[in-house]
Amino acid sequence: MDEAEHFKSFLTIHQPQLESSGVPKYFWSTIHEKLKNQIFDAGDAFQLARISYEDDERCPTDPFWKLFVTLENGILFQEPNNIYLIDHAWTYRYSDAMNDLRENPGLLERMYNFMKPEWSKTESDEEKIEFILTEMWRYNNFFTLHTNSTKIEDAMPFWCIMDEVGSSINHSDEPNFRIVPFYHASENMNYTLLFPIKNVKSGDEVTRNFIEGQTNDADKHRALLLPWRDDNFLEENFEQTEPDENYFLSSRIAETLPEKIIENISHNKLKVYSEYDIVCKFLNDPSFEIVDNEEEANVLWLLGHIKNYRELSVERPHLFLNQFPFEFVLTIKDLLSIVCRRKAEGQYNKETLETFPKWLPTTFNLSTELVKFVAYYQNREAKQLENHWICKPWNLARGLDTYVTKDLFHILRLPATGPKIAQKYITNPVLFDRMEIGKVKFDIRYVVLLKSVNPLECFAYSNFFLRFANKPFALNNFQDYEQHFTVMNYSTKTPLCHIKCADFIIKWENQYPNYPWTTKVEPMILKMLKDVFEAATSMEPPRGIAESSQSRAVYAVDMMLEWRENEMQPVLLEFNFQPDCQRACEYYPDFYNDIFRCLFLNDCNKNVFYEL
């Protein structure tokens, strides 16, 4: 294959990536040439300089290094050869970072010598690791692998730190260079491309915009730059207000509202079409019949989101659906926190900064409330209050792309990887003593049913579910999944603790005799669940769940228990759309029979369901 064919083949694979990253076309042939021949010639054009500071002169965010242009004639931004490959010194997943440093002494010394060139030789490896894990957020970039995998785990971001040349580039609001990540498919390798966006003279410092494309808002711009510029947000208002209805609709496919047509369904058997195999396997009550044809069905049990409620209500008014219009106000994490705040009595306690309602962890949207979050964080810090947070995506579950940290710089880097909420981490959870392990975190899942919005009819399945961490809880090792998370059933590498609720209650009351489950703890949980549904149906759509006589819904609600002033307090974590109920069916084979009878036949057995 000649050179032209090589380049054509390169573009076939990489042109969409180059275009989406905004790499000018006149650089493309040089990128191909340098990758093919592994030319790393940045050292010919740039030079690192160590910055010296007088004692106590350096602010913690001031850089130790700068990068300068050394080419005698400078660098012209439209010269095709003036693009450079930057290698990565360290590429990792956050959960592996600590082990990477412990197991690779060369990497540990390289990172530490660069991030802290003034280091003392008396510092231990563990002290160095702790420093790097905090400081690395000032140097981190991220990328996702371009693969054909359909697994959502494979789409999670990797973090990377460029080599010393790339990591010495500092921020400017008016930069003269850009960097972009680049995946080279033939090598299965990731690089960073460095190229000028204006003419640069010899001796000029190389700069880039660390928060390129993230915001046009001046205050948010200040907040995002905190890892590199010291700033004070203590006087900013962090009180949260409910956004208007446009926010609830933003970036979401519009749903139509059903016509208010009520048609009684009277059949000897209800025909059920289900996209969820577990329903087909376990629903065997003689009042229902599983069918393969959606057009024959009286009940549609779908896994995807329904949007055309109006059309279905007019064309098939006899049909039951397993979703409510605008139920996303519960199942999307940022909206859930907004809805739940309707039950608050006051904004916050001025002494402790505790927000309300008590059962909702303090939650900020890192896209729309970033400045408020920073102000709240800094005010907690000023009061010397504990400041641990869990940051998670709006629309993912199972702990994916989720981080626990008390490091503000870490939190501020996360919105770039996708929309996140920052939620106050439960630092004083009620623990469960697993005799073979010790006292571990656990969470509780209740399956809840919404039967009607107006009037409000909702139920909780009496058999709840437990999930346990596999290591004793402590406020350290936040990368350790088995210490801080409880969802173990999606990995074959981690043991899963099975305890049915009846057995759990016996063990619970031995461990906490002053907190009997059925008379003290569970009533608090059920009250919290009712409050959530009342809040979610208190406003018209799109700010609340819409009324629909055809709709029925099942959600899985995750929660924990927390110690608050020596009392137990249930704390809401999330509502799950179309939850995985395989374990429920394995524990309780009549699970779907009971649920379907309650939702569709008005048979809400008081031994099986609690009416909220």
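Predicted model only: the values in this text are computed from it and were never measured.

Thresholds, definitions, all that
Residues numbered from 1 in each chain as written. Predicted model: local features only at pLDDT ≥ 70, side-chain atom pairs only at ≥ 80, totals over all residues. Heavy atoms only, no water. Phe/Tyr/Trp six-rings, centres within 6.5 Å; stacked < 30°, edge-to-face > 60°. Helix = DSSP H or I, 4+ residues; strand = E, 2+ residues; numbered from the N terminus. Buried < 20%, exposed > 50% of the residue type's maximum accessible area, 1.4 Å probe, protein only. Lys NZ or Arg CZ within 6 Å of the ring centre and 35° of its normal. Salt bridge = Lys/Arg side-chain N within 4 Å of Asp/Glu carboxyl O. Axes fitted to C-alpha atoms, helices over the stretch in contact; angles between N-to-C directions. Parallel < 35°, antiparallel > 145°, perpendicular 65-115°, else oblique. Contact = heavy atoms within 4.5 Å. Nonpolar A, V, L, I, M, F, W, Y, C, P; charged D, E, K, R; others polar. Pairing = 2+ DSSP bridges. Core = buried A, V, L, I, M, F, W, Y, C linked by side-chain atoms within 4.5 Å.

Details of the packing of aromatic side chains
Geometry of an aromatic ring pair is reported as the spacing of the ring centres plus the angle between the planes. The final tally for this structure, using the stated rule, is 61 aromatic pairs. For the pair Phe320 and Phe600, a centre-to-centre distance of 5.1 Å together with 45° between the ring planes defines the contact as tilted. Note that Phe320 is positioned in strand β14 (residues 320-321) and Phe600 in helix α20 (residues 591-601), a separation of 280 residues in sequence. Taken as a pair, Phe320 and Phe600 share a single burial class, namely buried. The side chain of Arg93 reaches across the aromatic face of Phe158, ending 3.8 Å from its centre. When the ring centre of Phe131 is taken as reference, the NZ or CZ atom of Lys116 above it lies at 5.0 Å.

Observations concerning the pattern of salt bridges
Across all of its chains, the model carries 36 salt bridges by this definition. Of the charged contacts in the structure, one is a salt bridge between Glu3 and Lys36, with a shortest N-O distance of 2.6 Å. Note that Glu3 is positioned in helix α1 (residues 3-21) and Lys36 in helix α2 (residues 28-36), a separation of 33 residues in sequence. Look at Lys36 and you get partly exposed, because its relative accessible area is 39%. Between Lys424 and Glu386 there is a salt bridge whose closest N-O contact spans 2.7 Å. Of this pair, Lys424 sits in strand β18 (residues 420-424) while Glu386 sits in the loop between α14 (370-382) and β16 (389-393), and the two are 38 residues apart along the sequence.

Comments concerning the packing of helix α17 (residues 501-511) against helix α18 (residues 517-536)
Two elements in contact, α17 and α18, have axes separated by 11 Å at closest approach and are oriented at 105°. Judged on the interaxial angle alone, α18 and α17 are roughly perpendicular. Only Trp517, Thr518 and Val521 of α18 make contact with α17, whose side of the interface consists of Phe504, Ile505, Trp508 and Glu509. Taken together, the residues of the contact of α17 with α18 break down into five nonpolar, one polar and one charged.

A closer look at the pairing of β18
Burial runs high along β18: five of the five residues are buried. Side chains Lys420, Ala422 and Lys424 project from β18 onto one buried face, and the interleaved Ile421 and Gln423 project onto a second face that is buried too. The sheet contact formed by strand β15 (residues 363-365) and β18 spans three bridges and is antiparallel. In the strand pairing of β18, Thr363 is matched with Gln423. Where β16 and β18 come together, five bridges link them in antiparallel fashion. By the bridge assignment for β18, Lys392 is matched with Ile421.

Considering the sheet that holds strand β12 (residues 288-290)
Hydrogen bonds along the backbone pair up the strands of a sheet, which may run parallel or antiparallel. One open sheet accounts for four strands, arranged β12-β11-β13-β14; its pairing is parallel. Here the strands that pair on one side only, and so sit at the sheet edges, are β12 and β14. Summarising the sheet, strand β11 (residues 270-274) and strand β13 (residues 299-301) pair through three bridges and their orientation is parallel. Residue Tyr273 lies in a different strand from β13, and its bridge partner there is Leu300. Relative to β13, α20 is tilted by about 130°, and along the sheet it contacts β11, β12, β13 and β14.

Focus: the nonpolar core
Within soluble globular proteins, side chains that are nonpolar generally end up buried alongside one another. Tyr446, Phe504, Trp508, Trp517, Tyr592 and Phe596 are the most contacted members of the largest nonpolar core, which totals 93 residues. Among the elements that make up this core, the one with the highest residue count is α18 (ten residues). Contact partners of Tyr446, with chain neighbours within four places excluded, come to Ala460, Tyr461, Phe464, Trp517, Glu522, Ile525, Leu526, Leu529, Tyr555, Ala556, Val557 and Met559.

A look at unusual backbone geometry
Across the junction of Phe356 and Pro357, the peptide omega takes the value 0°, indicating a cis bond. Looking at where Pro357 falls in the secondary structure, it is placed in the loop between α13 (333-340) and β15. Cis geometry marks the peptide bond from Pro541 to Pro542; its omega dihedral reads 10°. Among the structural elements, Pro542 can be located in the loop between α18 and β24 (553-564). Despite not being glycine, Asn566 shows a phi value in the positive range, around 65°. You can see Asn566 is positioned in the loop between β24 and β25 (567-577). Its relative accessible area of 67% is what places Asn566 among the exposed residues. One non-glycine residue, Gln578, adopts positive backbone phi at about 45°. In this structure, Gln578 sits in the loop between β25 and α19 (582-587).

Such coordinate-based values are descriptive only and should not be taken to indicate function.
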